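# Chains, contacts and geometry: an overview
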Amino acid sequence: LAAYAHSVSRKEGPTALIFSRQNLDQNNDMSAAERRTGTLKGAYIAKKETADLDLIIIATGSEVQHALKVAADMPGARVVSMPCMSLYERQSAEYKESILPSACTKRVSMEAGVTDLWYKYVGTEGKTVGVDRFGFSAPGDIVMKELGMTPENLKSVIDTM
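A brief report on the enclosed structure follows. All values derive from a computational prediction rather than experimental measurement. (Residues numbered from 1 in each chain as written. Predicted model: local features only at pLDDT ≥ 70, side-chain atom pairs only at ≥ 80, totals over all residues. Heavy atoms only, no water.)

### Section: the pairing of strand β4 (residues 107–110)
On any regular strand, side chains alternate: one points to one face of the sheet, the next to the other face. Of the two faces of β4, both are covered, the one formed by Arg-107 and Ser-109 as well as the one formed by Val-108 and Met-110. With 3 bridges connecting them, β4 and strand β5 (residues 127–129) associate as parallel partners. Its bridge partner being in β5, Met-110 is matched across the sheet by Val-129. (Buried < 20%, exposed > 50% of the residue type's maximum accessible area, 1.4 Å probe, protein only. Helix = DSSP H or I, 4+ residues; strand = E, 2+ residues; numbered from the N terminus. Pairing = 2+ DSSP bridges.)

### Considering the sheet that holds β4
What the 5 strands build is an open sheet, ordered β1-β3-β2-β4-β5; its pairing is mixed. Two strands bound the open sheet, and with one partner strand each, they are β1 (44–47) and β5. Across the sheet, the mean angle separating the axes of adjacent strands is 25° when strand polarity is ignored. Two elements, β1 and strand β3 (residues 77–81), share 3 bridges in a ladder whose sense is antiparallel. Following the sheet pairing, Ile-45 is matched in β3 by Val-80. (Axes fitted to C-alpha atoms, helices over the stretch in contact; angles between N-to-C directions.)

### Quick look at the packing of aromatic side chains
Across all of its chains, the model carries 2 aromatic pairs by this definition. Here Tyr-88 and Tyr-121 contribute two aromatic rings whose centre-to-centre distance is 5.9 Å and whose plane-to-plane angle is 70°, an arrangement assigned as edge-to-face. In this pair, Tyr-88 is assigned in helix α4 (residues 85–89) and Tyr-121 in helix α6 (residues 119–122), connecting sequence segments 33 residues apart. In this structure, Tyr-88 and Tyr-121 share a single accessibility class: buried. Each member of the aromatic cluster is reached from another via a ring pair, and the members are Tyr-88, Trp-118 and Tyr-121. (Phe/Tyr/Trp six-rings, centres within 6.5 Å; stacked < 30°, edge-to-face > 60°.)

### Remarks on the side chain of Thr-60
By the element assignment, Thr-60 lies in the loop between β2 (55–59) and α3 (64–71). Filtering out sequence-adjacent residues up to four positions away, Thr-60 remains in contact with Met-82, Pro-83, Met-110, Glu-111 and Trp-118. (Contact = heavy atoms within 4.5 Å.)

### Overview of the pattern of salt bridges
Scanning the model with the defined rule gives 5 salt bridges in all. We note a salt bridge from Lys-48 to Glu-49, for which the minimum N-O separation is 3.4 Å. With relative accessibility at 15%, the residue Glu-49 sits in the buried group. Note that Glu-49 is salt-bridged to Arg-78, the shortest N-O span being 2.9 Å. Residue Glu-49 is found in the loop between β1 and β2, and its partner Arg-78 is found in strand β3; the two are separated by 29 residues along the sequence. Each member of the pair, Glu-49 together with Arg-78, is buried. (Salt bridge = Lys/Arg side-chain N within 4 Å of Asp/Glu carboxyl O.)

In structure tokens, the structure reads:
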């Protein structure tokens, strides 16, 4: 709902709303109001670490569910949902630092899209899980598994860091 509200109130350019055909796990650990507020800022903490922060997983769209699954057993992991990079970039430096603290350089991103844009957020020490190719067609669950958009693959990438 937050993305829709933003799209109808935005006057300075076009907006794209992208929907999923997949059944997605919902993050019921956060209220809808918290998710809405964070979405309107472009990024928010979907799961806060319960120990010293040692890893940030940044995900968008349907990949957030995989990040949450992997981070569930990692007390020092934070999951950041980043539905809109451009909105996030318009936030104050203080807000951006509160979401992606510069002190934590162990970062990984996950998006079923190209990886190039994520290096700005994961840095030179980080890793990206994404799709840098085109042309694979099959039922959604098969495509996602084949392209590495699974919690198991995300965990294996994290284990190499």
